[in-house]
Amino acid sequence: MSYNINITKIEKSKVSDLDFNNIPLGTTFTDHMFICDYDNGQWGNPRIEPLETIPTHPAAMALHYGQAIFEGMKATVDKDGNPMLFRANKNAARLNTSADRMGMPNFPEDLFVEGLKQLVDIERNWIPPQEGSALYLRPFMYADEPFIGMRAATHYKFIIIASPSNAMYSNRIKLWAEKQYIRAANGGTGEAKAAGNYAAAIRPTELAKAKGYDQVLWLDANEHRYIQEVGTMNIFFMIDGKFITPKRDGSILDGITRMSVIDVLRDKGYEVTETMITIDEIKTASRSGTLQEAFGTGTAVGIAYIQEIGLDGEVIHVSDQSPVANDVNDTLNAIKTGKVEDKFNWMTKIKN
Ligand SMILES: *Cc1c(COP(=O)(O)O)cnc(C)c1O
């Protein structure tokens, strides 16, 4: 299906004000946004407009009942400066998985990708060229119907905004294995990229930071033993030359970096198993010297190398170096900047 996306451009781009080597994190936005409205049971009026504030009715249902979901992905440039998207169709599909769980309408996947492509095309001068830097893209959907009462909304907005970012987390990170608070329980919303999941994580993350840790390592809701994921990342462990990562059970986010890292590791000849992993197993591996590396994976950070995991009364030392994770990170970055052949067919080029 082809869509007619109406484009209104701003008069003068703000990109000339940006220092590409020193981009303030999360506060810099490009000139335009993509918007589409859901009304009368269908999506309509897809458009790209100058980014500006949106008037909100105080009874907008997202503010009260939390129907709000999002995606996160990145656009990079190849060595000739051509913009590219990484596995955009996976984000389009995942948005709809989240929408299903939260009782929200699906957004047409081809329009999701087309809107992204046209927005990135218009904002191509905002894509930082340095390796590890990128134009972060944030597609999201929320209920903007003014209504007091508990039911699915009938009016939504789907929007894409874009924010240039430099590489993050060059430092090794420390995780706090959380045994009091939980992120997701069986039957809950853990697999949805829903705003509310983050709301519930903010306080535990602040407490972990106050103890000197960077992020929370979430454990299962019943026994506080099984490892789920980290803040905004999935997690991998290398034990005795082989990799393990928590298997998808409805409580963890189906990370696109996670699935890509599994492919890259297997391609490099490593065995990767998706399985249940207990915190005790990791402690035992650390004590016996078989725990070689651990790292988090997510779009925002790429790969974050884990130094240690703290839990009540003890510390699990992971490693001081992460050569394999570093190699995987280099491979992913090389694919995203077109420096090596895209043998997995992950990149979508945006034509002039
Ligand atoms: C987005 C997200 C991830 C990482 O997913 P990617 O597709 O790799 O960016 C992991 N965990 C949570 C909770 C997330 O929201």
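Since the structure is predicted, the reported quantities are computational estimates derived from the model, not experimental observations.

Rules of the game
Residues take numbers from 1 onward in each chain, read along the sequence in its written order. With pLDDT at 70 or above as the cut-off, local features in this predicted model cover only qualifying residues; side-chain atom pairs require 80 or more to be listed or tallied, and sums for whole chains, interfaces and linings still use all residues. In computing side-chain values, all of the structure's heavy atoms are included and hydrogens and water are not. Each helix corresponds to a stretch of at least 4 residues labelled H or I by DSSP, and each strand to a stretch of at least 2 residues labelled E; elements are numbered beginning at the N terminus. Only protein chains enter the accessibility calculation, which uses a 1.4 Å probe; a residue whose area is less than 20% of its type maximum is buried, one above 50% is exposed, and one in between is partly exposed. Each domain span listed reflects an automatic or database assignment of domains. Summed over both partners, the accessible surface that disappears when two parts come together, traced with a 1.4 Å probe, is what is meant by buried area. Pairs of N or O atoms are called polar contacts if they sit within 3.5 Å, as long as, within protein, a hydrogen donor faces a hydrogen acceptor (for residues adjacent in sequence, only side-chain-to-side-chain pairs). By convention, a stacked pair of Phe, Tyr or Trp rings (six-membered ring in the case of Trp) has centres within 6.5 Å and planes under 30 degrees apart, an edge-to-face pair has planes over 60 apart, and any other such pair is tilted. Sitting over a ring, as applied to charges here, requires NZ of Lys or CZ of Arg to be within 6 Å of the ring centre and within 35 degrees of the ring normal. In this description, contact between two residues means that some pair of their heavy atoms is separated by no more than 4.5 Å.

Things to note about unusual backbone geometry
Link 1 in the chain: You will see that Asn45, though not glycine, has its phi angle at about 55 degrees, which is positive.
Link 2 in the chain: Examined against the element boundaries, Asn45 turns out to sit in strand S3 (residues 42-50).
Link 3 in the chain: We note that Asp240 has phi near 55 degrees; this positive angle belongs to a residue other than glycine.
Link 4 in the chain: Residue position: Asp240 is located in the loop between strand S12 (234-239) and strand S13 (242-246).
Link 5 in the chain: When its relative accessible area of 58% is taken as the criterion, Asp240 is described as exposed.

A look at the domain arrangement of the protein chain
In many analyses, interface size is given as the accessible surface area lost on bringing the parts together.
Link 1 in the chain: Assigned domains of the protein chain: these are domain 1 (6-165) and domain 2 (173-336).
Link 2 in the chain: One C-alpha centre belongs to domain 1, the other to domain 2, and the line joining them spans 27 Å.
Link 3 in the chain: Broken down residue by residue, the surface that domain 1 buries against domain 2 is led by Phe70, Phe86 and Arg94, which jointly contribute 33%.
Link 4 in the chain: Summed over the shared surface of domain 1 and domain 2, the result is ten residue pairs in polar contact (both at pLDDT 80 or more).
Link 5 in the chain: Listed by contribution, the elements that provide at least two residues to the side of domain 1 that touches domain 2 are strand S4 (68-70), strand S5 (73-77), strand S6 (83-86) and helix H2 (88-101).
Link 6 in the chain: Of all the elements, H2 adds the most residues to the side of domain 1 that touches domain 2, at five residues.

With respect to the packing of aromatic side chains
Link 1 in the chain: If you walk through the whole model with that rule in mind, you get 15 aromatic pairs.
Link 2 in the chain: Between Phe34 and Phe158 the ring centres are 6.1 Å apart and the planes differ by 75 degrees, which places this aromatic pair in the edge-to-face class. Taken together, the positions of Phe34 in strand S2 (residues 32-39) and Phe158 in strand S8 (residues 156-165) put the pair 124 residues apart, joining distant regions of the chain.
Link 3 in the chain: For Phe158, a relative accessible area of 0% translates into the label buried.
Link 4 in the chain: Taking the centre distance of 6.0 Å and the plane angle of 10 degrees together, the rings of Phe140 and Tyr142 count as stacked.
Link 5 in the chain: Among the aromatic residues, those joined into a cluster by ring pairs are Phe34, Tyr38, Trp43, Phe107, Phe112, Tyr156 and Phe158.
Link 6 in the chain: If you follow Arg151 out to its NZ or CZ, it ends over the ring of Phe147, 3.7 Å from the centre.
Link 7 in the chain: Lying across the ring of Phe86, Lys336 places its NZ or CZ 4.7 Å from the centre.

Remarks on the side chain of Arg87
Link 1 in the chain: As for its position among the elements, Arg87 is in the loop between S6 and H2.
Link 2 in the chain: Aside from chain neighbours lying at most four places away, what touches Arg87 is Ile256, Met259, Ser260, Asp263 and Trp346.

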